[in-house]
Amino acid sequence: MTTHLEDRKTQEATASWLDEANIRACLAAAEPCAEQAAGILQKAEGMQGLTADDVSVLMNLEDPGLLQALFRTAEKVKEQIYGPRIVLFAPLYVSNRCVNECAYCAFRAGNPIERHSLTRAQVVREAEELVRQGHKRVLLVAGEDPSAEGFQHVLDSIAAVYAARVCNGEIRRVNVNIAPLTVEQFRRLKQAGIGTYQLFQETYHRETYEKYHTAGPKKDFLWRVTACDRAMEAGIDDVGIGVLFGLYDWKFEVLALLQHIRHLEERFGVGPHTISVPRLEPADGSEFAAVPPHAVPDADFRKMVAILRLAVPYTGIIMSTRENAEMRRETLRLGVSQISAGSRTDVGGYAEGCDEAPGQFELGDHRSLEEVARDLAAMGYVPSFCTACYRMGRTGMDFMDLAKPGDIKTHCDPNALSTFMEYLLDYAAPDTRAAGMLLIRQRLSAMDPQTRAFTEGQIAEVEHGKRDVFV
Ligand code: SAM
Ligand code: SF4
């Protein structure tokens, strides 16, 4: 059954927000003017976001003094809205079967690798292994199998992850990164209890998109660029978007991302919950991935994260283990709010450690969850395993209504500390536990008396053996 978002004309109309001419005009008009940049940064401190023109000016900044001012402002906004909390998750690859030919990916159909789809029992084992490490949140990932069985496998895998139990631990939120679906399928995905539906456009530059996606349903640019509309129409109000940086000019992509965000805000009253900023990494069987045509240098990458923080202050920014530990540390300061840890991108990689088939791409950070959590705590960040919002229905517009006036903090701060305490007691080694407990005490003493008393109560419940305590 096709709905009105699935015929060609409606897709063209739905995607009319993507305006290449406007992007080119913005980029051409932007001069790196010190006075103008200072005004934009002052405006950004008000945390109301930035226009495409503002963003274009900031993207063209090269002056070291102005760049430092940009980073300082991003840091301030990040601290004001997100405080020291960093949400942690792990990807869980359930299948590398794929009908598409994406030039950069090891899972592309023409790459002669061994193919697996995990059985229900194998998914449960993967999830159990992640629970044993201390994870509470996974991002379920799969190649594209457009058959009815392929979609059913995703639904069954989600159910299997939620069913996994180890002692008193379980995965409490399953986000998914899978190929675009019909509205009807998105409804079923929502019923399966997902948190966020995540999909990267790869590139918003249509010509480039068509060049690097040469076979399979993913060739269809319009089907992909309208996928979040279908997801939101189906009632999934937390969507995550992103670009695969390296395929095309990063400045073009950032302005297109902004157009996408503004479109979703106008149409559904709320924009994406998260933005991901993956950079192209080498991948087995892809010569192309080793030499990205528009590689984003580190300096530009840091600048981009800071600008996104200011342009859409209330949208989470996700940094995966594609990046190395140093880049992840630096961008936490500039705007990143969620990171993966202890990741494997091969199917069955956690429980089976199966090395016959390669992962989807090479990782830059191989540290375990424990090492990442310890490092975060040493830098003063609170690793958060909180999954409360979507379980309490604080999603989409309801989430933004709490986030924008700053009220969400009254939930996030106590929940971050109590879930971190749960992690320390159940999974951490003694030295991590000691460092984490010290951080918890420091964070408590920085709270106002009322929040502190409340949070201490929540933490005490965890210390007395209660689990999954949240507000
Ligand atoms: N197969 C689905 C799709 O392509 O939309 C969903 C999952 S795909 C496995 C997840 C993402 O991995 C893709 O959207 C792409 O951006 C990213 N990816 C693929 N190859 C990559 C590479 N070589 N380096 C970095 N990211 C890559
Ligand atoms: Fe398949 Fe996704 Fe890889 Fe493309 S990026 S080849 S669709 S798994």
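See the structure shown above.
Let me begin by describing the structure that accompanies this report. The shown structure was predicted, so the numbers you read here are calculated from the model rather than taken from an experiment.

Quick look at the overall build of the chain now. Each helix and strand counted, the chain has 21 helices and nine strands in total. Projecting the C-alpha coordinates of the chain onto the three principal axes gives extents of approximately 60 × 60 × 40 Å. Across the 471 residues that make up the chain, the buried fraction comes to 61%. The contacts of the chain with a sequence gap of at least 6 include a subset with a gap of at least 24, amounting to 75%. Approximately 18,000 Å² of the chain is accessible, and the part contributed by carbon and sulfur atoms is 51%.

Below, the discussion takes up the environment of Glu 210. Within the fold, Glu 210 resides in helix 9 (residues 206–212). We classify Glu 210 as partly exposed; its relative accessible area is 40%. Once residues within four sequence positions are removed from consideration, Glu 210 is found in contact with Lys 219 and Phe 221.

A word on the site of ligand 1. Near ligand 1 you find 21 residues, and of these Glu 202, Lys 218, Arg 224, Glu 281 and Gln 360 are the closest. Measuring from an oxygen atom of ligand 1, one finds a side-chain N or O atom of Arg 224 at 2.7 Å. Residue Glu 281 places a main-chain N or O atom 2.9 Å away from a nitrogen atom belonging to ligand 1. Summarising the interface, the protein chains cover 97% of the accessible area of ligand 1, which totals 550 Å² for the free molecule. Using a 2 Å cut-off from the grid points, one finds that ligand 1 occupies the largest cavity. Put simply, the parts of the chain that give the shell around ligand 1 at least two residues each are strand 2 (137–142) and strand 4 (197–202). The dominant element in the shell around ligand 1, judged by the number of residues it contributes, is strand 4, at three residues. Taken together, the residues of the shell around ligand 1 break down into 12 nonpolar, three polar and six charged.

Per the counting criterion, the structure on display carries six cavities of 30 Å³ or more. Approximately 680 Å³ is the volume found for the largest cavity. Lining the largest cavity are 43 residues, with Val 141, Asn 177, Phe 200, Arg 322 and Gln 360 positioned closest to its centre. The set of elements that each furnish at least two residues to the lining of the largest cavity consists of strand 1 (85–95), strand 2, strand 4 and strand 7 (316–319). At four residues, the largest contribution of residues to the lining of the largest cavity is made by strand 4. Of the residues belonging to the lining of the largest cavity, the class tally is 23 nonpolar, 11 polar and nine charged.

Further remarks concern the nonpolar core. In this structure, Leu 189, Tyr 197 and Tyr 204 are the most contacted members of the largest nonpolar core, which totals 155 residues. By residue number, the principal contributor to this core is helix 12 (residues 250–268), which donates 10 residues. There are two domains that each give this core at least three residues, and those are domain 1 (4–16 + 79–367) and domain 2 (406–463). Leaving out residues up to four positions away in the same chain, Tyr 197 has contacts with Val 176, Ile 178, Ala 179, Pro 180, Phe 186, Leu 189, Ala 231, Ile 236, Asp 238, Val 239 and Gly 240.

Near ligand 2 the following residues occur: Cys 98, Asn 100, Cys 102, Cys 105, Phe 107, Arg 108, Gly 143, Lys 218 and Gln 360. If you map ligand 2 onto the pockets, it falls in the largest cavity. Of the residues contributing to the shell around ligand 2, the split by class is four nonpolar, three polar and two charged.

A few words now on the pattern of salt bridges. A full pass over the atoms with the stated rule returns 37 salt bridges. When the shortest N-O distance is used, the salt bridge between Lys 43 and Asp 54 registers 2.6 Å. Of this pair, Lys 43 sits in helix 3 (residues 34–45) while Asp 54 sits in helix 4 (residues 52–59); the two residues are 11 residues apart in sequence, bridging distant segments of the chain. Asp 468 is the salt-bridge partner of Arg 172, the closest N and O atoms lying 3.3 Å from each other.

One pass over the structure, following the stated rule, counts nine aromatic pairs. Between the aromatic rings of Tyr 209 and Phe 221, the centroid separation amounts to 5.2 Å while the plane-to-plane angle is 75 degrees, which identifies the pairing as edge-to-face. Here Phe 221 lies in helix 10 (residues 221–225) and Tyr 209 lies in helix 9, a separation of 12 residues in the sequence. No difference in accessibility class separates Tyr 209 from Phe 221, as the two residues are buried. Ring plane angle 40 degrees and centroid distance 4.4 Å describe the contact between Tyr 212 and Phe 288, whose orientation is recorded as tilted. On the criterion of sequence distance, the pair formed by Tyr 212 in helix 9 and Phe 288 in helix 13 (residues 287–290) is long-range, its members being 76 residues apart. Accessibility assignment for this pair places Tyr 212 and Phe 288 in one class, buried. Members of the aromatic cluster, connected to one another through ring pairs, are Phe 385, Phe 420, Tyr 423 and Tyr 427. Against the face of Trp 223 rests Arg 230, its NZ or CZ located 3.4 Å from the ring centre. Here the guanidinium or amino end of Arg 279 rests over the ring plane of Phe 301, the centre of that ring lying 4.0 Å away.

To continue, consider the side chain of Thr 315. Within the element layout of this structure, Thr 315 appears in the loop between helix 14 (298–311) and strand 7. For Thr 315, a relative accessible area of 5% gives the class buried. Setting aside residues up to four positions removed in sequence, Thr 315 forms contacts with Tyr 82, Pro 272, His 273, Thr 274, Ile 275 and Arg 309.

So, about the layout of surface pockets. In this structure, the largest pocket occupies an estimated 370 Å³ of space. What lines the largest pocket is a set of 23 residues, among which Glu 144, Asp 145, Pro 146, Ala 179 and Leu 181 lie closest to the centre. Examining the composition of the lining of the largest pocket, we find that five residues originate from one element, helix 7 (residues 148–163), more than from any other. Class assignment of the residues belonging to the lining of the largest pocket gives a composition of 10 nonpolar, eight polar and five charged.

What counts and what doesn't
- Residues numbered from 1 in each chain as written.
- Chains lettered and ligands numbered in written order.
- Predicted model: local features only at pLDDT ≥ 70, side-chain atom pairs only at ≥ 80, totals over all residues.
- Heavy atoms only, no water.
- Helix = DSSP H or I, 4+ residues; strand = E, 2+ residues; numbered from the N terminus.
- Buried < 20%, exposed > 50% of the residue type's maximum accessible area, 1.4 Å probe, protein only.
- Contact = heavy atoms within 4.5 Å.
- Areas by Shrake-Rupley, 256 points an atom, 1.4 Å probe, with all protein chains shown as cover.
- Near = heavy atom within 4 Å.
- Polar contact = N/O pair within 3.5 Å; in protein donor to acceptor, adjacent residues only side chain to side chain.
- 1 Å grid on protein atoms, 1.4 Å probe; cavity = no way out; pocket = protein on both sides within 12 Å on 5 of 7 lines; lining within 4 Å.
- Sits in = over half its atoms within 2 Å of the grid points.
- Nonpolar A, V, L, I, M, F, W, Y, C, P; charged D, E, K, R; others polar.
- Points joined across faces, edges and corners; volume = space filled by probe spheres on them.
- Core = buried A, V, L, I, M, F, W, Y, C linked by side-chain atoms within 4.5 Å.
- Domains from an automatic or database assignment.
- Salt bridge = Lys/Arg side-chain N within 4 Å of Asp/Glu carboxyl O.
- Phe/Tyr/Trp six-rings, centres within 6.5 Å; stacked < 30°, edge-to-face > 60°.
- Lys NZ or Arg CZ within 6 Å of the ring centre and 35° of its normal.

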